[in-house]
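Working through the structure, step by step
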Amino acid sequence: MGKIVAYTGNQAIAEGMRQINPDVCAAYPITPQTELMQQFASFVADGLVDTELVTVESEHSAMSACVGAAAAGGRVMTATSAQGMALMWEIMYCASGLRLPIVMTIVNRALNAPLNIHGDHSDAMGARDSGWIQIFSENAQEAYDNLMQAVRIGEEASVRLPVAVCYDGFIISHSIERMEILEDEEVKGFVGPYQNLYHPMLDIAHPVTYGPVDLQDYYTEHKRQQVEAMKNALPVILGVAEEYKKLTGRGFGYFETYRLDDAEIGMFIMGSAAGTAKEVVDELRATGIKAGLLKLRIFRPFPYQEVTAALKNLKVLAIMDRAESFGAMGGPTFNEIRSALLSLKKPPLTFNYVYGLGGREPSLAEIHKAFARGREVLTAGKAEVLHDYLQVRE
Amino acid sequence: MSESKLKGWKELPIGGLILEPGNSEAYNTGTWRTFRPVLHPEICTHDLFCWLYCPDAAILVKEGKMTGFDMKHCKGCGICAKVCPHKPSAITMVKEGEAEEGDKGKETK
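Everything quoted here is computed from the prediction, not taken from an experiment. (Residues numbered from 1 in each chain as written. Chains lettered and ligands numbered in written order. Predicted model: local features only at pLDDT ≥ 70, side-chain atom pairs only at ≥ 80, totals over all residues.)

Some thoughts on the overall build of chain A
Counting its regular elements, chain A contains twelve helices and 15 strands. Here chain A has a C-alpha radius of gyration of 21 Å; the compact-globule value for 394 residues is 21 Å, and the two agree. Dimensions of chain A along its principal axes, counting C-alpha atoms only, are 70 × 55 × 45 Å. A buried classification covers 52% of the 394 residues belonging to chain A. (Helix = DSSP H or I, 4+ residues; strand = E, 2+ residues; numbered from the N terminus. Rg over C-alpha atoms; globule rule 2.2 N^0.38 Å. Buried ≥ 20, exposed ≤ 12 C-beta atoms within 10 Å, placed from the backbone.)

Let's talk about the overall build of chain B
For chain B, the count of helices and strands is two helices and four strands. Listed N to C, the secondary structure of chain B is β-α-β-β-α-β in terms of helices and strands. Looking at chain B as a whole, 21% of its 109 residues qualify as buried. The contacts of chain B with a sequence gap of at least 6 include a subset with a gap of at least 24, amounting to 65%. (Contact = placed C-beta atoms within 7 Å.)

Side note on the domain arrangement of chain A
It is common to give the size of an interface as the accessible area lost on bringing the parts into contact. All names here are of chain A. For chain A, the domain assignment lists domain 1 (3-248) and domain 2 (255-389). Each side of the interface is counted separately: domain 1 has 27 residues, and domain 2 has 21 residues. A total of five residues in the side of domain 1 that touches domain 2 trace back to one element, the largest contributor, which is helix α8 (residues 219-248). Its residues assigned to classes, the side of domain 1 that touches domain 2 shows 13 nonpolar, nine polar and five charged. (Domains from an automatic or database assignment. Nonpolar A, V, L, I, M, F, W, Y, C, P; charged D, E, K, R; others polar.)

Comments concerning the interface of chain A and chain B
Listed per partner, the contact involves 17 residues of chain A and eleven residues of chain B. With four residues, the single largest contributor to the side of chain A that touches chain B is α8(A). Broken down by class, the residue content of the side of chain A that touches chain B amounts to five nonpolar, six polar and six charged.

Examining the environment of V103(A)
All names here are of chain A. Counting through the fold element by element, V103 comes out in strand β5 (residues 103-108). Among the residues examined, V103 registers 34 C-beta atoms within 10 Å and is labelled buried. Along the primary structure V103 and P22 are separated by 81 residues, whereas in three dimensions their C-alpha atoms are 9.8 Å apart. Aside from chain neighbours lying at most four places away, what touches V103 is M77, A150, V151, G154, V163 and V165.

A look at the sheet that holds strand β3 (residues 52-55) of chain A
All names here are of chain A. Within the open sheet, the seven strands sit side by side as β3-β2-β4-β5-β7-β6-β12. Their pairing is mixed. Lying at the two open borders of the sheet, with one neighbouring strand each, are β3 and β12 (298-300). Neighbour to neighbour, the strand axes of the sheet diverge by 20° on average, direction disregarded. Pairing geometry for strand β2 (residues 24-27) and β3, over four bridges, is parallel. Following the sheet pairing, C25 is matched in β3 by L53. (Pairing = 2+ DSSP bridges. Axes fitted to C-alpha atoms, helices over the stretch in contact; angles between N-to-C directions.)

Quick word on the environment of A291(A)
Residue and element names in this part refer to chain A. Here A291 is to be found in strand β11 (residues 291-296). Considering only alpha carbons, one finds A291 and I337, 46 residues apart in sequence, at a separation of 18 Å. Beyond its immediate chain neighbours, meaning those up to four positions away, A291 contacts R259, A263, I265, V281, L284, R285 and F371.

Points about the sheet that holds strand β10 (residues 265-269) of chain A
All names here are of chain A. Strand order in the open sheet formed by six strands is β9-β11-β10-β13-β14-β15, and the pairing between neighbours is mixed. The sheet is open, and its two borders are formed by β9 (255-258) and β15 (387-389), each paired with just one other strand. Direction aside, the axes of adjacent strands within the sheet are offset by 20° on average. Contacts between helix α9 (residues 273-286) and the sheet are confined to β9, β10 and β11, with β11 contributing the most and set at about 165° to the helix. Packed onto the sheet, helix α10 (residues 304-311) meets β9, β10, β11 and β13 (316-321) and runs at close to 5° relative to β9.

Focus on α9(A)
Residue and element names in this part refer to chain A. An ideal rise of 1.5 Å per residue puts 20 Å on 14 residues; α9 measures up with 20 Å between its terminal C-alpha atoms. Restricting attention to buried positions, one finds in α9 the residues A273, A274, A277, K278, V280, V281 and L284. Summarising the axial view, the buried residues of α9 lie within an arc of 165°, below the 170-degree limit, and thus occupy one face. Structural note: α9 exposes D282 and A286 on the side pointing more than 90 degrees away from its buried face. Residues of α9 that are buried in the fold lie against β9, β10, β11 and α12 (364-380). Where α9 ends, the next residue or the one after it, G288, has phi of about 90°, a positive value. (Expected span 1.5 Å × (residues − 1). Arc of directions from axis to C-beta.)

Overview of helix α2 (residues 34-45) of chain A
Residue and element names in this part refer to chain A. Over its twelve residues, α2 extends 16 Å from the first C-alpha to the last, a length consistent with the 16 Å expected when each residue adds 1.5 Å. Taken together, the buried positions of α2 are L36, M37 and F40. Buried residues of α2, seen end-on, are gathered within an arc of 85° and therefore sit on one face of the element. Facing away from the buried side of α2 by more than 90 degrees, the exposed set consists of Q38, S42 and A45. The inward-facing, buried residues of α2 contact α1 (9-20), β2, β4 (76-80) and β5.

Points about the nonpolar core
Membership of the largest hydrophobic core comes to 127 residues, with the highest contact counts inside it found for C66(A), V67(A), A95(A), V163(A) and A164(A). Looking at which domains feed residues into this core, each of domain 1 (3-248) and domain 2 (255-389) of chain A supplies at least three. Beyond its immediate chain neighbours, meaning those up to four positions away, A95(A) contacts M63(A), C66(A), V67(A), L100(A), I102(A) and P162(A). By size, the runner-up hydrophobic cluster in this structure holds 15 residues, among which are C50(B), M71(B), C74(B) and A90(B). (Core = buried A, V, L, I, M, F, W, Y, C linked by C-beta atoms within 7 Å.)

Structure below.
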C-alpha cells in the first residue's frame, strides 16, 4: 500500500485531486495556488481524470460555477489563495448556505495591501464565519491526508457542508518533502462514488428550487440547521480519521498534542510553524523545562471542549496567531482559545503572539522567545500585555 | 400565515431548498397591499386590458369575462386601474380599511 514520493504541497494536492477524480473543478490561478491548478489542468489535458475543468474568468466565477455544479449533483473541488479567496467571499456563503459539500484547498497567503504573496492565515481566518469546515495542515503529507478525509467529511449526510483544506503558502506549497501517497485504487475505495442523495437539480423527475428568498419567517431556522451540521461534523471527523488510519496507519484527531501531558508551559499553534515549535519544545525539555504544544487541525467546527480538556493542566499558554484581527483583544484563535479556557476553575494564564505575517517564518530563536515570555508570565502570575508581536521591529 | 403553522428547523429541508415545485401560489403576497382594486361592473366591458397588464395573475377571468381579483396575490400596484381604457376607469384603487363590504374581492382562486 502507498508509495513514497518527493512532492511539494501543491503537487501532493494535485495528485490527490487526480486520484479523487472529481466531476467538476472550476478554478482561477493565484499565487501560491497556481502550480497546483496548473498540474491538475495537465492531468485533465492528458486524459488522466474525467473532471470537467472550467477555466473561469475570476474566483467569483470559480466558486459560482462550483456551486452550480455541486447543486446539479456533482462532486466538486477547487483551490485558491488570499485575494482569490477574498473574491470568492460572497459565493462561499452560498456554498455553505445551500449545503453543498465542495472541497476547496486554500493555500494560505497574506492579503494585500501592501502586496505580499507569502504564507499567513489571514485569508482563511477572515472566512472563519462563512460556514465552511476548516482543516489546517502542518506539511504536505497532512495536506494530502486532510484532502482525502475532507471529501468524506463534507459529503456525510448529517454534515453536507463545504470543506476547506488549508496549508501555508510557499513553505508548504512550494517545498519538496518526503511523503507517502495512496494507490489510486485505495483512494477510489476510500472516497467512494459520489452519491448525491440530497435533491440534486439534475434529478429532473423531482424538480426543486435552490436559493429562493428566505425572509424573517425562515432564515433563522436555516442558519440553525447549519450550526447543527457543524456539531454533527465533530464525530464524523473522528470516524473518518479512524477509517483513514486503518488504510494508512496515519492517525488524526481534532488536534495533535506534543509533550503536553505533564507540561507547564504550553504553546497553541496552527500550520507549518508547529514543526519549528516542536523542535523548540524538545530543546526546552532537554534543559528540564516542562514545555508542550497543541497544534490545532480542525478550526471549524472548533472542538472547544476537547481543546479545553487537553490544555487544562497547563500553568501558562502562549497562543500563536498567524493572522491579525485589527482592533480586537488579540488574534482570532487567541479570542477563541482564551474564551474556551475560561470555563475551567483554574485556567492557565494566556497571552497572544501574532507571528509569521506575510511569510515571515518564525525561527527557533523566536519560538524560544515566546516560551521565555511564558516563563516570565508564570513567575509574575499574570500577563501584563495580552496581545503582542513576536517578530516586529520597533 | 400564522406563526403556529411554520415549521421548525428540524422539520425543514436543509439549505433553504423548496422541494415542491410551483408552491409560490401558496405564498400570501396579498398582505403587502396598501391599496386594493375595486371593480365597477357597470363600466367594465371585459376588454381584459387589466388581465393583460397585471404583473401577477391577480385578475380573475371566467369564460372571457373579468370577474374580480385574486386578493391573496394582488399587491395593489394599481396598474389595472391605470390601463383600463374607460373614463372613468372601471377599476379604482381604495385604501385598505376604507373599502366597503362587497369591495373585498375574492381571497383565493
